[in-house]
Amino acid sequence: MTKQQRLRTLPKMDDLLQVIENQAGDLPRSLIKSVIQDELACYRQRLLTGAADRCDQEELLAGIRLELGRQSQPHLRGVINATGVILHTNLGRARLSDECQAMLVGVGCKYSNLEYDLADGSRGSRYQHVEDLLIRLTGAEAALVVNNNAAAVYLVLDSITKGREVVVSRGELVEIGGSFRVPNIMAASGCKLVEVGTTNKTHPADYEAAISEQTGALLKVHTSNYKIIGFTAEVEMRELAQIARKHQLPSIYDLGSGLMVDLTSYGIPGETTVAQCVSQGADLVCFSGDKLLGGPQAGIIVGKSAYITAMKKNHLLRALRIDKLTLTALEATLRQYLDPAKAVQSIPTLRMIAEPAAAVREKAERLADLLARTGCNCSVVKSAACVGGGSLPAVELESYAVAIHLEELSPNRLESKLREHCVPIIARITDDCLQLDLRTVEPEEFADIVLCVKQIISDLRIEL
Ligand SMILES: *Cc1c(COP(=O)(O)O)cnc(C)c1O
């Protein structure tokens, strides 16, 4: 066939539109048309190059339907996190609490007193809603919230130390995933990094020796996603704050993950809480809202009033300002901390960390039971979960997983089928075996998992 003959086998737009429109739900006509156009153009290319020698109308329609299916749902979707990584950065870090959800629906989506003073009917400040709460929870004099912790560090440095030197230990020059690097953020905020000590050891005298007329602050950075072990020495916050005070310099702590309750009794010792940092004398402490705090993406700064006031006056704040949905979820999360014991149960991040291994195993057994009824081969296996999100890298949480084995599907194929389900299930392959780690799965998600596996199995039967 000639090119022209091959091209003539393509159906007309109007004919396709008629076939498709009845099946495309309530997608706008213009969108359906543009999808058909794109698929036709693709097919035309294949006919031109000879990759196909006539149009297979069923294949073309299938392609159009697949793309329309994709277009008919939002790109951002809820997934089931069965990886055992509690703060999975790729899956949106912290899962929010029911209290957050209620506040987002009840307040976040509506008009609110975001910047309105209800007592005297005048303009108010969006920062007021959580400042008192943060002061109460951390013992600091003042507080301010921005978009994320990277923005918080940037705002602190720009407001307090611009054009001056900031002293940091070599052991703390961290890179956080997504290209947050301490040296870079420092350059961006116009201050000069002065490294002291060595990778494994930094002593008080190292800071003392680096302080000069040009020094603007002493900065401590939580190493978050790594741990230096062995022959090491770091200067603790209390001592760093003393050195800073002696030289009338501000001490700043980029804490990364803002832990609000001591988790020692839940088997996670040695992590300093925000309130402890404040009481150890840090002038400013900044941390994320969506790491160990278990709230929405946000950057929180607590500390001395004079510094916070300077930040509130910084024009940069407008560019870094927190939005109303975030603020709604943040206030809801922070209010839960007013009762710390309850917070550990009701904030999903903390609940997942604190859940006893026996309870995780019991969940795994229940899910395995349900899955066995669909006819799949599964078993409960011991696994190791982790906190993730660059928090507590040395902590391994004892966990349990359901291992699924299907004769006809390799673990990799099964993994991708779970991932492509209408409620995507993100699983893990360990020891060449597909596993669903139950530490990050809630019982109300079981039904979707069972439905998905059922469907995979029935699709297999049809294929066979
Ligand atoms: C995570 C982290 C950041 C960045 O915080 P985001 O909220 O992700 O912007 C900065 N510093 C430290 C030490 C961190 O652990």
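What you see is a predicted model, and the numbers here were worked out from it, not measured in a lab.

According to UniProt, the "modified residue: N6-(pyridoxal phosphate)lysine" (unreviewed entry) feature falls on Lys291. The residue lysine 291 is located in the loop between β12 (284-288) and β13 (299-303) in this model. Residue contacts for lysine 291: discarding those within four places in its chain leaves Leu87, Arg93, Ala94, Ile176, Gly256, Ser257, Thr349, Gly389 and Ser391.

Our focus in this paragraph is the domain arrangement of the protein chain. Here the protein chain is partitioned into domain 1 (3-72), domain 2 (80-89 + 352-463) and domain 3 (98-346). For domain 2 versus domain 3, the distance between C-alpha centres works out to 35 Å. Facing the 12 residues of domain 2 at the interface are 13 residues of domain 3. Across the interface of domain 2 and domain 3, roughly 950 Å² is buried in total on both sides, 77% from carbon and sulfur atoms. At the surface where domain 2 touches domain 3, the tally comes to 0 salt bridges. Taken together, the links from domain 2 to domain 3 amount to 1 residue pair in polar contact (both at pLDDT 80 or more). Partitioning the side of domain 2 that touches domain 3 into residue classes produces 9 nonpolar, 3 polar and no charged.

Taken as a whole, this structure holds 0 aromatic pairs when the rule is applied. Over the ring of phenylalanine 231 we find lysine 201; its NZ or CZ atom is 3.5 Å from the centre of that ring. Stacked on the ring of tyrosine 400, the Lys or Arg arginine 361 has its end atom at 5.6 Å from the ring centre.

Turning to the pairing of strand β6 (residues 165-169), a few remarks are in order. Judged by how many residues are buried, β6 sits mostly within the fold: 5 of 5 residues are covered. Burial of β6 is two-sided: the residues Glu165, Val167 and Ser169 facing one way and the residues Val166 and Val168 facing the other way are all buried. Strand direction decides the pairing type here: β6 and strand β9 (residues 192-196), joined by 5 bridges, are parallel. Bridged to valine 167 within β9 is valine 194. The pairing of β6 with strand β10 (residues 215-221) spans 3 bridges and is classified as parallel. Following the sheet pairing, valine 166 is matched in β10 by alanine 217.

Looking at the ligand, there are 13 residues lining it, with Ala150, Ser224, Asp254, Ser288 and Lys291 nearest. Side-chain polar atom of arginine 93 to an oxygen atom of the ligand: 3.0 Å apart, as the coordinates give it. For the ligand, an oxygen atom lies 2.9 Å from a polar atom in the backbone of alanine 150. When the ligand sits alone it has 380 Å² of accessible area, and the protein chains cover 95% of it. Counting only elements with at least two residues in the shell around the ligand, the list comes to α7 (149-160) and β11 (251-257).

On the basis of which strands lie adjacent, the open sheet formed by 7 strands has the order β5-β13-β12-β11-β10-β6-β9 and mixed pairing. Of all the strands in the sheet, the pair left with one neighbour each is β5 (142-146) and β9. Taking the axes of each pair of neighbouring strands and ignoring which way they run, one obtains an average angle of 25° across the sheet. Pairing geometry for β10 and β11, over 4 bridges, is parallel. When the bridges of β11 are listed, leucine 218 appears paired with serine 251. Running over the sheet, helix α6 (residues 128-138) touches β5 and β13 and is turned about 120° from β5. On the sheet, helix α12 (residues 305-313) packs against β5, β12 and β13 and is oriented at approximately 35° with respect to β5.

Attention now goes to the packing of α6 against helix α14 (residues 324-336). For the pair α6 and α14, the least separation of the axes is 10 Å and the interaxial angle reads 30°. With respect to each other, α6 and α14 are oriented roughly parallel. Crossing of α6 against α14: the hand is left-handed. Residues His129, Val130, Leu133, Leu134 and Leu137 of α6 form the contact with α14, whose own contacting residues are Leu327, Glu331, Leu334 and Arg335. Of the residues contributing to the contact of α6 with α14, the split by class is 6 nonpolar, 1 polar and 2 charged.

Moving on: the sheet that holds strand β2 (residues 85-87). The sheet built from 5 strands is open, its strands ordered β2-β14-β15-β18-β17 with mixed pairing. In this open sheet, the two strands that pair with only one neighbour each are β2 and β17 (428-430). With strand direction ignored, the average angle separating the axes of adjacent strands in the sheet is 45°. Here β17 runs beside strand β18 (residues 433-437); their pairing, made up of 3 bridges, is antiparallel. What sits directly across from isoleucine 429, in β18, is leucine 434. The strands touched by helix α17 (residues 357-372) are β14 (377-388), β15 (397-405) and β18; relative to β15, the strand with the most contacts, the crossing angle is about 10°.

Moving on: the pattern of salt bridges. In total, this model carries 23 salt bridges according to the counting rule given. Notably, a salt bridge pairs arginine 126 with glutamate 115, separated by 2.8 Å at the nearest N-O pair. Of this pair, arginine 126 sits in the loop between β4 (122-123) and α6 while glutamate 115 sits in the loop between α5 (98-108) and β3 (116-117), placing them 11 residues apart in sequence. Arginine 126 sits in the buried class, given a relative accessible area of 7%. Taken together, the salt bridges that share partners define one network made up of Glu115, Arg123, Arg126 and Arg321.

About the criteria used
Residues numbered from 1 in each chain as written. Predicted model: local features only at pLDDT ≥ 70, side-chain atom pairs only at ≥ 80, totals over all residues. Heavy atoms only, no water. UniProt positions renumbered as here; feature names shortened; annotations may be inferred. Helix = DSSP H or I, 4+ residues; strand = E, 2+ residues; numbered from the N terminus. Contact = heavy atoms within 4.5 Å. Domains from an automatic or database assignment. Buried area = accessible area lost by both parts, 1.4 Å probe. Salt bridge = Lys/Arg side-chain N within 4 Å of Asp/Glu carboxyl O. Polar contact = N/O pair within 3.5 Å; in protein donor to acceptor, adjacent residues only side chain to side chain. Nonpolar A, V, L, I, M, F, W, Y, C, P; charged D, E, K, R; others polar. Phe/Tyr/Trp six-rings, centres within 6.5 Å; stacked < 30°, edge-to-face > 60°. Lys NZ or Arg CZ within 6 Å of the ring centre and 35° of its normal. Buried < 20%, exposed > 50% of the residue type's maximum accessible area, 1.4 Å probe, protein only. Pairing = 2+ DSSP bridges. Near = heavy atom within 4 Å. Areas by Shrake-Rupley, 256 points an atom, 1.4 Å probe, with all protein chains shown as cover. Axes fitted to C-alpha atoms, helices over the stretch in contact; angles between N-to-C directions. Parallel < 35°, antiparallel > 145°, perpendicular 65-115°, else oblique. Left-handed = near helix turned anticlockwise from the far one by under 90°.

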